[in-house]
Amino acid sequence: MQTNSEDSYYTIENPVLELLLKEKNSKFISYAFPVFSDEEIKNHLATIKKKHPNANHACYAYQIGYKTVKYRASDDGEPNNSAGKPIYGQIQSFHFTNILVVVVRYFGGVKLGVGGLVTAYKMAAKMALEAAQKVECIEMTTVNLKYEYEDHPKIMNLLKESKASIKEQKMELNCEWTITIPEKEYNQFREKCESFKTCKITKIDL
């Protein structure tokens, strides 16, 4: 595992399916999936192996998480570091996480050698990632706000400034809201809230 201090990360919005690369009669078919759990990864791999029962190899790499990162690269019977590692290298090059890339190989009768395999798996993975729609995900935190109505105008301005989203609200003499806010905005948001006369703020662990 490795760590990342960024407040946002990039993944792909939708799966990329069955892009074909041919190299000396071998066929390399690449896939990319947005994933958020080990269970999703396991299901996608099982589906692909069922779809390609006669393939020689189904090599893959994945990475999940953005502060604490978990990753794996599999050669699935190819020579060591000739498939999984170049696939994972492309995931890193594109700065993606929460992603699984799989490259299925049908052997065409001509050996490519380790160097040829590295190039082919790298290019197949690159094709899938270039075809993917990149999306930025921002780390959010959920907070509970309680305040009296006299502070309402100031709270509304602060919510707008901080790019907060309202999840729940109760508007009475005493107001109570549940909101989500970008994590990087939270400390400044809390300080301003606490400077208001009646406002109390509590971070919610989900």
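Predicted model only: the values in this text are computed from it and were never measured.

A. Up close: the packing of aromatic side chains. Taken as a whole and assessed by the stated rule, the structure comprises seven aromatic pairs. Aromatic side chains Tyr9 and Tyr66 sit 4.6 Å apart centroid to centroid with 20° between the ring planes, which places their arrangement in the stacked category. Residue Tyr9 is found in strand β2 (residues 8-12), and its partner Tyr66 is found in the loop between β5 (57-64) and β6 (68-74); the two are separated by 57 residues along the sequence. The class of Tyr9 is buried, set by a relative accessible area of 12%. A ring pair is formed by Phe28 and Tyr121, whose centres lie 5.1 Å apart and whose planes are at 85°; its orientation type is edge-to-face. Here Phe28 is found in strand β4 (residues 26-34), whereas its partner Tyr121 is found in helix α3 (residues 113-131), with 93 residues between them in sequence. Taking the ring centre of Tyr10 as reference, the NZ or CZ of Lys134 above it sits at 4.2 Å.

B. Inspection of the pattern of salt bridges at higher detail. Counted according to the given criterion, the structure contains eight salt bridges. Measuring nitrogen to oxygen at the nearest pair gives 4.0 Å for the salt bridge that ties Lys197 to Glu150. Of this pair, Lys197 sits in the loop between α5 (186-195) and β12 (200-204) while Glu150 sits in the loop between β9 (140-148) and α4 (152-161); the two residues are 47 residues apart in sequence, bridging distant segments of the chain. Residue classification places Lys197 among the exposed residues on the basis of a relative accessible area of 70%. Salt-bridge contacts for Asp151 lead to Lys154; the nearest nitrogen and oxygen are separated by 3.1 Å. Among the residues examined, Lys154 registers a relative accessible area of 39% and is labelled partly exposed.

C. Representation of the sheet that holds strand β10 (residues 165-170). Across the sheet, four strands lie side by side as β10-β11-β9-β12; this open sheet has antiparallel pairing. Either end of the sheet is taken by a strand with one partner, and the two such strands are β10 and β12. Strand-to-strand twist in this sheet, taken as the mean axis angle between neighbours without regard to direction, amounts to 20°. With five bridges connecting them, β10 and strand β11 (residues 174-182) associate as antiparallel partners. Within β11, the residue paired with Ser165 across the bridge is Thr180. Taken strand by strand, α4 contacts β9 and β11, and its axis lies near 165° from that of β9. Here α5 sits on the sheet in contact with β9, β11 and β12, set at roughly 150° to β12.

Rules and cut-offs
Residues numbered from 1 in each chain as written. Predicted model: local features only at pLDDT ≥ 70, side-chain atom pairs only at ≥ 80, totals over all residues. Heavy atoms only, no water. Phe/Tyr/Trp six-rings, centres within 6.5 Å; stacked < 30°, edge-to-face > 60°. Helix = DSSP H or I, 4+ residues; strand = E, 2+ residues; numbered from the N terminus. Buried < 20%, exposed > 50% of the residue type's maximum accessible area, 1.4 Å probe, protein only. Lys NZ or Arg CZ within 6 Å of the ring centre and 35° of its normal. Salt bridge = Lys/Arg side-chain N within 4 Å of Asp/Glu carboxyl O. Pairing = 2+ DSSP bridges. Axes fitted to C-alpha atoms, helices over the stretch in contact; angles between N-to-C directions. Contact = heavy atoms within 4.5 Å.

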